[in-house]
Amino acid sequence: MNEVMIALAGNQNCGKTTLFNRLTGSNQHVGNFPGVTVERKTGKIKKFSEATLVDLPGIYSLSPYTSEEVVTRDFILKENPELIINIVDATNIERNLYLSLQLMELNKPMVIALNMMDEVIASGNSIDVKKLSEYLHIPIVMISASKNEGIDDLINVVKKEVKIHKEPTHIDFCKGEVHRAIHSIAHIIEDHAQKVGFPIRFAATKLIEGDEPMQKALELHSSDIEIIEKIIENMEKNLDTDREAALADMRYSYIEEIVKECVTKNNDSTGIKRSERIDRWLTHKYLGIPIFLLIMLMIFYFTFGPIGGTLQGLLEEWIEVGIQSFGHALLQFHLSSWLYGLIIDGICQGVGSVISFLPLIVTLFFFLSLLEDSGYMARVAFVMDKALRKIGLSGRSFVPMLIGFGCSVPAIMSTRTLSSDRDRKMTIIVTPFMSCSAKLPIYGMITAAFFPHHTALILMAVYLIGIIVAILSALLFKQTIFQGDPVPFVLELPAYRIPSTKSVVLHMWEKAKDFLRKAFTIIFVASIVIWFLQSFDFSFNFVENSTTSMLASIGTSISHIFAPLGFDDWRASTALFTGITAKESVVSTLSVLTNSTTDASLSIALMSIFTPLSAFVYLVFTVLYMPCIAAFAATKRELGSMKEAILTVLYQTGVAYVVAFIIYHIGLMFI
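Just so it is clear, the structure is predicted and the values come from calculations on it, not from any experiment.

## A word on the overall build of the protein chain
Secondary structure summary: the protein chain contains 31 helices and nine strands in total. A globule of 671 residues ought to have a C-alpha radius of gyration of about 26 Å, and the protein chain, at 29 Å, matches this closely. Expressed as a percentage of the 671 residues in the protein chain, the buried residues total 56%. Long-range contacts, defined here as pairs at least 24 residues apart, represent 74% of the contacts in the protein chain between residues at least 6 apart. Of the roughly 29400 Å² of accessible surface on the protein chain, a fraction of 61% belongs to carbon and sulfur atoms. Within the protein chain, the 65 negative side-chain charges are centred at a point lying 2 Å from the centre of the 57 positive side-chain charges.

Right, dumping it as C-alpha cells:
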C-alpha cells in the first residue's frame, strides 16, 4: 500500500491529543503548518505504518473565524487527505456533531471515533452506535482514549475505509427556505466549485454564512455575487433570522432528531456532575484566583523541595563524579593545560552546571501536565477572563501567557490564533514577562545560595512580579497605543478527567528533550566562548587571573550600569549579557567565571558577588528583561516589523531595570 495521509479533527477538549498519542506513540514530529505559526503534529500510526496521521487544531466549526479553523479547512481541501478521523466527545454529543456535519460536507472518507464512552456508560446513559452510524452513513467506533480502549478497533476500521475509499453518502437534511437557498446557490457556483476542486454543497453553505475566503477562492463574477446575496436576503426575510443563525438552526435541528433517536439519557454524565461540584470552588468568583495561586505555590514547593530538589542533588553528585573521572582519564593523555581547561573547566563545567537542573524542569512540567490534562487549566483561563478584561485583554490571551511559563517562543507564536490585531500585539509584548522554564536553573542557583529555606515563597514572589508587571503594562497600553475593547472570549469547559499517564510522560519527555538539546548546542558553544574570553587577554596571552581577561574588560565596561541595582560585579553583568542567547547561559557563565565545579561551590562563589537583597533583585531583572534571541526572532516575525520588535525588547529591558531599581532601593530602607 502506498503512503496515505489521515487527518484527525475534533472539538477542543474532546480527547484529541490523547487519541493522537495513543495512535502514534512516541513516533511524532512537531512543526508548523506551512505559512502559519499554528502547531502541526504528525506521526505514523502504530500497526498501520503506511499511514501518517496529522493532528489538526481543535475547532468547533469550519467557519474562517480563527487561524485554527482556516488551517483545518485549508488542509482538508488542499492537502486532500485519504480519510478523516473525527473524534467526538460522547458525553457532549450534540455540540460535537455540529462539526461532524460540516466535515461530512467535504466529501472525504470519514470515521467517527466516539470517545469517552466509558463515562457515558458509567452515568447510566447509552448511545445506539449502530443506529447513529446508519443516520450518518459513516462508520463509528466506540473508544476511550484515556483508558486505551477501542484503539485497535479504530485502527482496523481506518485500514478498511482507506482501502475501499468510500466517500460519505450525501445527506440532504436541510428543509424549507434553507434548502431552497443552498440548492439555488449550488447551481450558480457548480462550475466554479468544480474548477477549484471544492465540494459544491460545502461551498454553497459557506457562501450563505458570508465566508469571504470562499467567495474569493471561487472567483465569482459580480453578477453571480449579486444573485447569491439576493437569494440569501430572501431566505433571511422569510425565516426572520440572519444567515448564520439559519444554517446553525438547520444543523442543530437535524442533530436533535439524531440524538432523540439514538441517545438515551437517564442522568448527566458522572464526569459532568463531578466537575460541577469541583467548579463550585475552583471557579468561584472570589476564591478561584487565590486557589490557583495556592496550587502554584505547592507546585513550586515540591519542584524545588522534596521532589525536584532531591533529584537535582543526586544528579549533581553523578555529574560531579563523571567530570572528575573524565578529568582523571584526560590526564593520562598529558594534554596541555589550556586544552584541559577548555574541556573540563569550560565545556564539562558549563554544560554540567545547566544539566544538573534538569530534574527541576521535569518535575515542574509533570505537575503542569497534570493540571492541563485534568481540565483545570481551562478553568484558570475562564477565571482569569474577567480580570484580563479589566486590563484590556480577553481570556483567550491567557492561553499564550500560560504557554509563556514553558517557553516564550511558542507562546509568542500562539498569539496568531487571536482574532484581534490589538489583542495579539498586546499579548506579544506582555507574554515574555511570564517566567519561562529556561529561567528555572537561574532560580535554582540563586535560591540554593541565598534562600534555601524559603525557595517556594521566593519563586512565588518572582512569578507574581512578572504577572503584575504584565498587568500594569497592559493597563498602560490600554490607555495609550492600544485603546479599545478586547474581543469576546468563548470557552467550553471540559469535564474533569484523570490525566493520561502516557500523555503526561510524553509532555515531560518533550520538555526534557528540548532542554538537553539546548544544553548540548547553545550552552555548549556559549561555554566554549565564555571560557576562551575569560582565559585570554586582548593580546591572546593565556591569563592566570581572569580579572585581566578580555571578558573581564568587556564585563567591567558595562557593569557600572547595574550598580544602582546592587550588583556591579563584572561577572554578574556578563552573565546577563550571555543570557540573551539562552537564559540557561546565565548559570553556565557564572559557573565558568567563578571556576565552580559543583552547585555548592557555585553557591559559595555567588556570595562574593551578591548580597541576599541584590541576589533577589538579580532574579527580578532576569525575569523581566528581554527574552532570548529565539523569542526576539518570533516577536519580529509575528509583529512583522524589525522596528516594533526592537522597541518591544527595549521596553521589556527598560521595565526590568526600573522595577529592579525600585525593589532594590525599597529593600535598602529595611536593611
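## A short note on the environment of Lys195
Assignment of secondary structure puts Lys195 in helix H7 (residues 176-196). When the C-alpha positions of Lys195 and Glu219 are compared, they lie 10.0 Å apart, and in sequence the two are 24 residues distant.

## Some details on the confidence of the model for the protein chain
A residue-level look at the protein chain finds 93% of positions with pLDDT of 70 or above and a mean pLDDT of 84. In this model residues 30-37 is a low-confidence stretch, pLDDT under 50, and it forms 28 contacts with partners more than four residues away in sequence or in other chains.

## So, the pattern of salt bridges
Under the criterion given, the structure shown has 16 salt bridges. We note a salt bridge from Asp211 to Arg73, for which the minimum N-O separation is 2.3 Å. Taken together, the positions of Asp211 in the loop between helix H8 (200-208) and helix H9 (212-218) and Arg73 in helix H2 (residues 67-79) put the pair 138 residues apart, joining distant regions of the chain. You'll find Asp211 and Arg73 in the same group, each marked buried. Between Arg379 and Asp279 there is a salt bridge, and its shortest N-O distance comes to 3.1 Å. One end of the pair, Arg379, is in helix H17 (residues 376-390); the other, Asp279, is in helix H12 (residues 270-282), and 100 residues separate them in sequence. Judged on exposure class, the residue Arg379 and its partner Asp279 are both buried. Taken together, the shared-partner salt bridges connect Glu105, Arg201, Lys206, Glu209 and Arg251 into one network.

## Concerning the environment of Val351
Looking at the secondary structure, you find Val351 in helix H15 (residues 337-355). You can call Val351 buried: its relative accessible area is 5%. Sequence spacing of Val351 and Ser527 is 176 residues, and the spatial spacing of their C-alpha atoms is 7.1 Å.

## Some remarks on a nonpolar patch on the surface
A cluster of nonpolar side chains, namely Val658, Phe661, Ile662, Ile666, Met669 and Phe670, defines an oily patch on the protein surface of about 650 Å² accessible area. Checked against the element boundaries, Val658 lands in helix H31 (residues 642-668). Classification of Val658 as partly exposed rests on a relative accessible area of 46%.

Parameters and conventions
- Residues numbered from 1 in each chain as written.
- Predicted model: local features only at pLDDT ≥ 70, side-chain atom pairs only at ≥ 80, totals over all residues.
- Heavy atoms only, no water.
- Helix = DSSP H or I, 4+ residues; strand = E, 2+ residues; numbered from the N terminus.
- Rg over C-alpha atoms; globule rule 2.2 N^0.38 Å.
- Buried < 20%, exposed > 50% of the residue type's maximum accessible area, 1.4 Å probe, protein only.
- Contact = heavy atoms within 4.5 Å.
- Areas by Shrake-Rupley, 256 points an atom, 1.4 Å probe, with all protein chains shown as cover.
- Lys, Arg positive; Asp, Glu negative; His and termini not counted.
- Charge placed at Lys NZ, Arg CZ, Asp CG, Glu CD.
- pLDDT = per-residue confidence, 0-100.
- Salt bridge = Lys/Arg side-chain N within 4 Å of Asp/Glu carboxyl O.
- Patch = residues over 30% accessible without salt bridge, like charges linked within 9 Å, V, L, I, M, F, W, Y side chains within 5 Å.

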